[in-house]
Amino acid sequence: MQNTIELQSISHDFETAGQRISLFCALSCTIRAGESLAIVGPSGAGKSSLLSIAAGLEAPTGGTVRFTLDGKSVDALTMRANSGFIFQQFHLLPELDAIGNVALPLRLKGKRDAFDLAASWLDKVGLADRARHRPHQLSGGEQQRIAVARAFITAPRFIFADEPTGNLDMHTSESVADLMFGCARETGCGLVMVTHSRPLAMRADTSLLLAAGRLAAAA
Amino acid sequence: MNWITLSLENAWRDLRDRDGRISIATQTALLFFLLTLTFTSASIQRYLADNLEQMLGSDLVVERHGPLRRDHDLALRSLAPRVSVTQWNDLTLTHGGQWARVRLKRVDDAYPLQGTLQIGDTPVATHRASRRGPQIGEIWLEPRLATALKIRVGEMLAIDRTTLRVSAILFHEPDRLMEGHSTVLRAMVHNRSLDGDAVTSGTEITRYLIAANESQQQRVEEWVGEMLPDATVIRKSGGQHPLAGFWRRTENFLGLAAVMLFFMGAVALDMTNRRWLALMRYRHAIYASFGTPMRIGMLMALGEWLVGFVMSIGLAMLLATLAFHVIIGQLREYFPGLQAMWHFIPAARTTGLVFLLLLALQVPSFVQLSRTSLLSLIRNPAHSRDAWGRLLWSLSSVTLLAAAYSDNWLLTGMTLAAIAAALLLMLVLTWCIIQLGERWGRRRTGLLPFAFFLMRQRLFAKSAQVLGLGLCGLLLLFTLMLMRDLGGTMERHARTHDGNLLIAEAQADQLAGIQQWAGTTGSSVRTLRPFVSAQLVAVNGTPLGAYVQKPSDTFTALSEPIRLSWTDTLPTNNRIVGGQWWPAATDNWQQLSAEPEVMTDIGLRHGDQLTFQIGGNAYQFTLVASHAHTPGGGSITFWFQVPLSARAHIEAPTRYMGSMELPVGAWDSLAGLWQQYPSLSLVPLKELTERFDQTLGIVTKVTSGYAAMVLLLALFVLAASISGFSADDRRKNGLLMSMGLRDRELLWLNINEWSITALIAAAGAVMGTWIAGGLLYRDQFGLPYNPDVLWVVSIVVAMVSVVCLVGYWACRQSLKVSVRDLLTT
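The rules behind the values
Residues numbered from 1 in each chain as written. Chains lettered and ligands numbered in written order. Predicted model: local features only at pLDDT ≥ 70, side-chain atom pairs only at ≥ 80, totals over all residues. Heavy atoms only, no water. Helix = DSSP H or I, 4+ residues; strand = E, 2+ residues; numbered from the N terminus. Rg over C-alpha atoms; globule rule 2.2 N^0.38 Å. Buried < 20%, exposed > 50% of the residue type's maximum accessible area, 1.4 Å probe, protein only. Contact = heavy atoms within 4.5 Å. Areas by Shrake-Rupley, 256 points an atom, 1.4 Å probe, with all protein chains shown as cover. Lys, Arg positive; Asp, Glu negative; His and termini not counted. Charge placed at Lys NZ, Arg CZ, Asp CG, Glu CD. Pairing = 2+ DSSP bridges. Axes fitted to C-alpha atoms, helices over the stretch in contact; angles between N-to-C directions. Polar contact = N/O pair within 3.5 Å; in protein donor to acceptor, adjacent residues only side chain to side chain. Phe/Tyr/Trp six-rings, centres within 6.5 Å; stacked < 30°, edge-to-face > 60°. Lys NZ or Arg CZ within 6 Å of the ring centre and 35° of its normal. Disulfide = S-S within 2.5 Å. Parallel < 35°, antiparallel > 145°, perpendicular 65-115°, else oblique. Left-handed = near helix turned anticlockwise from the far one by under 90°. Buried area = accessible area lost by both parts, 1.4 Å probe. Salt bridge = Lys/Arg side-chain N within 4 Å of Asp/Glu carboxyl O. Nonpolar A, V, L, I, M, F, W, Y, C, P; charged D, E, K, R; others polar. Patch = residues over 30% accessible without salt bridge, like charges linked within 9 Å, V, L, I, M, F, W, Y side chains within 5 Å. Expected span 1.5 Å × (residues − 1). Core = buried A, V, L, I, M, F, W, Y, C linked by side-chain atoms within 4.5 Å.

All right, on to the overall build of chain A then. Of the regular secondary structure elements, chain A holds 7 helices and 10 strands. Against the compact-globule benchmark of 17 Å for 219 residues, chain A has a radius of gyration of 17 Å, which places it among compact chains. Taken along the three principal axes of its C-alpha coordinates, chain A extends 50 × 40 × 35 Å. Within chain A, the proportion of its 219 residues that are buried is 53%. Sequence separation of 24 or more characterises 70% of the internal contacts of chain A that already satisfy a separation of 6 or more. When the accessible surface of chain A is summed, it comes to about 9700 Å², and 49% of that surface belongs to carbon and sulfur atoms. Within chain A, one finds 21 positive and 21 negative side-chain charges whose respective centroids are separated by 4 Å.

What follows is about the sheet that holds strand 1 (residues 4-16) of chain A. Strand-to-strand pairing in sheets goes through backbone hydrogen bonds, with the strands running parallel or antiparallel. Residues and elements named next belong to chain A. The strand order across the open sheet built from 4 strands is 2-1-4-5, with neighbouring strands paired in antiparallel fashion. Across the chains shown, the open sheet's two edge strands, defined by having one partner strand only, are strand 2 (19-32) and strand 5 (72-74). Put simply, the sheet's adjacent strands are angled 35 degrees from each other on average, direction ignored. Pairing between strand 4 (residues 62-69) and strand 5: 3 bridges, direction antiparallel. Within strand 5, the position partnered with Leu69 by the bridge is Lys72.

This next bit is on the side chain of Gln535 of chain B. Residues and elements named next belong to chain B. Along the chain, the position of Gln535 falls in strand 13 (residues 524-539). Within the local environment of Gln535, its side chain forms a polar contact with the backbone oxygen of Ser559, the two atoms lying 2.8 Å apart. Dropping the residues within four chain positions of it, Gln535 is found in contact with His65, Asp230, Leu558, Ser559, Glu560, Pro561, Thr611, Phe612 and Gln613.

Right, let's talk about the packing of aromatic side chains for a bit. How two aromatic rings sit relative to each other is set out by the distance from centre to centre and by the angle between their planes. One pass over the structure, following the stated rule, counts 17 aromatic pairs over all chains. With 6.1 Å between their ring centres and 15 degrees between their planes, Trp121 of chain A and Phe152 of chain A make a pair best called stacked. With Trp121 of chain A in helix 4 (residues 114-124) and Phe152 of chain A in helix 5 (residues 140-152), this pair connects stretches of sequence that are 31 residues apart. Owing to a relative accessible area of 9%, Trp121 of chain A belongs among the buried residues under this scheme. Ring geometry for Phe39 of chain B and Phe324 of chain B: centres 5.4 Å apart, planes at 35 degrees, overall tilted. Separated by 285 residues along the polypeptide, Phe39 of chain B in helix 2 (residues 18-55) and Phe324 of chain B in helix 8 (residues 294-331) bring together distant segments of the chain. Both residues of the pair, Phe39 of chain B and Phe324 of chain B, count as buried. Ring pairing ties together the aromatic residues Phe85, Phe87, Phe158 and Phe160 of chain A, which thus form one cluster. Lying over the aromatic face of Trp121 of chain A, Lys124 of chain A brings its terminal NZ or CZ to 4.0 Å of the ring centre.

Now for the sheet that holds strand 3 (residues 36-40) of chain A. All names here are of chain A. The strand order across the open sheet formed by 6 strands is 6-7-8-3-9-10, and the pairing between neighbours is mixed. Edge strands, defined here as strands with exactly one partner in the open sheet, are strand 6 (83-86) and strand 10 (214-217). In this sheet, adjacent strand axes meet at a mean angle of 20 degrees when their direction is disregarded. As judged from the 4 bridges shared by strand 6 and strand 7 (residues 158-162), these two strands associate in the parallel manner. Its bridge partner being in strand 7, Ser83 is matched across the sheet by Phe158. Sitting on the sheet, helix 1 (residues 47-54) is in contact with strand 3, strand 7, strand 8 (190-194), strand 9 (206-211) and strand 10, with an inclination near 160 degrees to strand 7. Across the sheet, helix 6 (residues 170-187) lies against strand 3, strand 6, strand 7 and strand 8, angled at about 150 degrees from strand 8, the strand it touches most.

In total, this model carries 0 disulfides over all chains according to the counting rule given. Of the cysteine sulfurs around Cys25 of chain A, a residue in no disulfide, the closest is that of Cys29 of chain A, at 16 Å.

Residue and element names in this part refer to chain A. One way to put it is that helix 3 (residues 98-108) packs onto helix 4 with a least axis distance of 8 Å and a crossing angle of 125 degrees. Between helix 3 and helix 4, the interaxial angle falls into the category oblique. Two packed elements cross with a definite hand, and for helix 3 against helix 4 that hand is right-handed. Residues Ala98, Ile99, Gly100, Val102, Ala103, Leu106 and Arg107 of helix 3 touch helix 4, and the partners they reach there are Ala114, Phe115, Leu117, Ala118, Ala119, Trp121 and Leu122.

Here we come to the interface of chain A and chain B. Listed by partner, the interface residues are 28 residues for chain A and 20 residues for chain B. Interface area for chain A against chain B, summed over the two sides, is near 2200 Å², with a carbon-plus-sulfur share of 61%. Here chain A and chain B share 2 salt bridges between them. As a salt-bridge pair, Arg283 of chain B and Glu95 of chain A come within 2.9 Å of each other at their nearest N and O atoms. Linking chain A to chain B there are 4 residue pairs in polar contact (both at pLDDT 80 or more). Looking at the side of chain A that touches chain B, the elements that each hand over two or more residues are helix 1, helix 2 (76-81), strand 6 and helix 3 of chain A. A per-element tally of the side of chain A that touches chain B places helix 3 of chain A first, with 4 residues. A breakdown of the residues in the side of chain A that touches chain B according to their chemical character gives 11 nonpolar, 8 polar and 9 charged.

Another aspect to go through is the pairing of strand 19 (residues 617-629) of chain B. Residues and elements named next belong to chain B. Looking at chain direction, strand 16 (residues 574-579) and strand 19 are connected through 5 bridges and run antiparallel. When the sheet's bridge partners are listed, Ile576 is paired in strand 19 with His627. Inspection of the sheet shows strand 17 (residues 591-594) paired to strand 19 by 4 bridges, in the parallel sense. Directly across from Gln591, in strand 19, lies its bridge partner Thr622. In this sheet, strand 19 lies alongside strand 18 (residues 609-614) in antiparallel orientation, the contact comprising 6 bridges. For Phe612, the partnering residue across the bridge sits in strand 19 and is Tyr619. Between strand 18 and the antiparallel strand that follows it, strand 19, lie 2 residues; Gly615 among them carries a positive phi value of about 60 degrees.

Side chains of Trp12, Met311 and Leu315 of chain B sit close together on the surface and give an oily, nonpolar patch of about 290 Å² of accessible area. Within the element layout of this structure, Trp12 of chain B appears in helix 1 (residues 2-15).

Turning next to helix 1 of chain B. For helix 1 of chain B, built from 14 residues, the straight-helix expectation of 20 Å at 1.5 Å per residue is met to within 8% by its first-to-last C-alpha distance of 20 Å. Within helix 1 of chain B, the full set of buried residues consists of Asn2, Trp3, Leu6, Ser7, Asn10, Ala11, Asp14 and Leu15 of chain B.

A few words on the packing of helix 1 of chain B against helix 8 of chain B. Residues and elements named next belong to chain B. Direction vectors running N to C along helix 1 and helix 8 enclose 50 degrees, while the axes themselves pass 9 Å from each other. Classified by the angle their axes make, helix 1 and helix 8 are oblique. For the pair helix 1 and helix 8, the sense of crossing is right-handed. Residues Trp3, Leu6, Ser7, Leu8, Asn10, Ala11, Trp12, Asp14 and Leu15 of helix 1 pack against Ile296, Leu299, Met300, Gly303, Glu304, Val307, Gly308 and Met311 of helix 8. Of the residues in the contact of helix 1 with helix 8, the class split is 11 nonpolar, 4 polar and 2 charged.

This brings us to the nonpolar core. Residues and elements named next belong to chain B. By size, the foremost hydrophobic cluster in this structure holds 102 residues, and its most contacted members are Leu261, Phe262, Met264, Leu358, Leu369 and Leu471. Top element by residues in this core is helix 7 (residues 244-289). It accounts for 17 residues. In contact with Leu261, not counting residues within four places along its chain, are Leu30, Phe33, Tyr706, Met709, Val710 and Leu713.

Next up, the structure:
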């Protein structure tokens, strides 16, 4: 079944201190489930904004975004309900332990077996023995692995990752990247990530460079 | 539904957090105060209604000071089938050297109209019912009176020239309504047992107990309203207990106090809401990343808030129940037989009102929460503080509460105006001092310039702290000042009597006897001033009840006859403060001078026409002057005075008020004087002082209780203001330490910050107190406003020291963070 995100000639700008800043203009791109896409580029190019638009978090100032799930056109809210996120700062809830954080999305959807599924995902990411530990008791890499498990547990159609290895060292970045790509392949979801890391970008099926307001295939 | 369970878990977890505890404590304190007030008020209202139902002894009572004229008496009896007349006098009974001040009730053959009397043979005997009162030649005494006079049933008691036989001990009368709140000793005789002149006094009350059907009662009430302007009608059904007005005023005053406490609670809650909002925003942004609709997120936030509120209700209900039982115990002195009972509907109404108020305070936070976006986890959008929105909602909540509880919009308005002025001043001072301080410190080194620099970066947060602390300081300072001044005034009033025995009321034919007695006992009569009993019934043709706009102690006093005196020359203990005093021997006798406090309280102006009912006739006077009491010339002074020439035109018995000085040995001879003149009203200064001390004690208890509540909420505000910024402070301290600043320097930096904050808050508190005192003291409390600067300064120093100490302690806690902790944040 077709699950896609189509960006058609989108432009985006914002206003700050009385000035209008244009990030990009007339970009077009199609993102498909089952594929991985990396967006690279210099700081301030608008990578995070492009990711937000693709995730349906904000509307572009020009152009259109089309979301298709199971062959049907859906709105941004429905898209978000079928998406997951992985953040640079991990953003685990400090008051919940590891298993609580992983189970959280399923509990919010009213799933009774949330904790069972969370336990199996913790095992999958190699942290079954840290289930009862709070985020401040875990290292950065462990927190990000839990964040990955949390993002995938609801079987989303798309995962959006904003600098997922930005706060991690090289070795930890690799293991987190292995986890992310492995889970994406296993679940068949589309993985869209913004990254500064060239090795990470090279692991994606497609790598696009956003620079000077234009999107082009990355070298 | 799993998200409901999650919501409950979140609520329970958040409430155990420091901010959660402060929030719960603040809500509980507010609910506790209002629920205690509600329970107490409902019990008293119920007591008054039952009291009216059971203790009126008739369907209707017409009461006035003095019996009706014959034609009025006949007219009244023609309107109602059954009437019984009772009369009351205060006099002193003596027996075998013992004496006691007594309220003597004289009854007719028709008494009791409804119900039965309960009598016995000894003060501890079994009661038996009696359907009639004492016969001619008999007297019945209440148990405490019999004990005080050391007299038994069967013995004889002399009143003036009449000897009566004590034939029973009186336990209960069916018409004890008015006496329900009085602890004065009681006695009862048949109205033909005594010579009327021997017992008449200015305080005589005549009551016509009437048994009648609804239409007859209606006709009686209409007739009384038309023909007897100085009479009061009390009905069993649909009527109002005489104490209802007093209690309603007390309740409304306490309601205004609740408004002030709510203001403080709102400040504390606003500070804790700051961190609550940040936490909820973060949490909801993460939920949004899972695709959770905003609707579910908002429902969860509302549910978590409701859990906290429900917990507060539980705690507050428990505490209010305990407090309410204690208060009812204390109030039984004024309302004998008052029972502590549960009143669910009033409690539910109060809880509902507080719920709406607290929800209103929460609305700005919910609105901001609804704008939460997942984007905040990707980049940091600037969150609008919406300070004006929060302020508007807070003011609306306070106005709603004031509307619900206050009956005196002038008092409410003045109080809120004083607070608003203080808050504005504090805002301006904060902005000016911090901006100027930062500019001053730009090219300087040292901790103080750096403190100003840091405060300038957090100007909004600092302003919020200053306002919160300043408001608490204002309310605390004003309450303490009022308590002190109220007590001081009462003490001064009690202590300025010259002589140790007050002649509250003596009749003209008793004066010679008093002088003779004074001569034989070595006592001296210091002052004697004549007066007549007069009741103010109208101003400029408008009945007094319709003329007076707001309730006051003066209005309550004027509902009874007062003492009207006459003089041509201004008394030595008075001075003119307005208008023009009359010349000696003036022909224009219809002039009047009044005390300025009385004029202010009931809204009189020079030129007003005042109508007094004196001795059954109406007399009109023009208010031409105002006089004030000056100490040093004697303590006897009168609210109203008329020219000497007026006396010849007024048909009423002259009575006298004055003071005497008794040597130690003379007190035992007082019984002889009362034996001769039972209606002579003498009050030892000690008794007056005790009465004042008792009243002062009650006033002190009430204001101390209120001051304790203010202090408690002030502590919550202080805790919230420290807690609200503790994370920022920890981060700031950690960063500064990473730059090389040492612990001691950081402590000094924080003390500088807290000192500046506390001093600005103190300045606002002092200014607000000064404004409030100027507006409220004279107009609402009848007190002169002369602030004791030294006392105010010492209290302010104490408050600033407490704030700095707490700030110092908080800083020491936050210094326990290490730079390493900062790295892992």
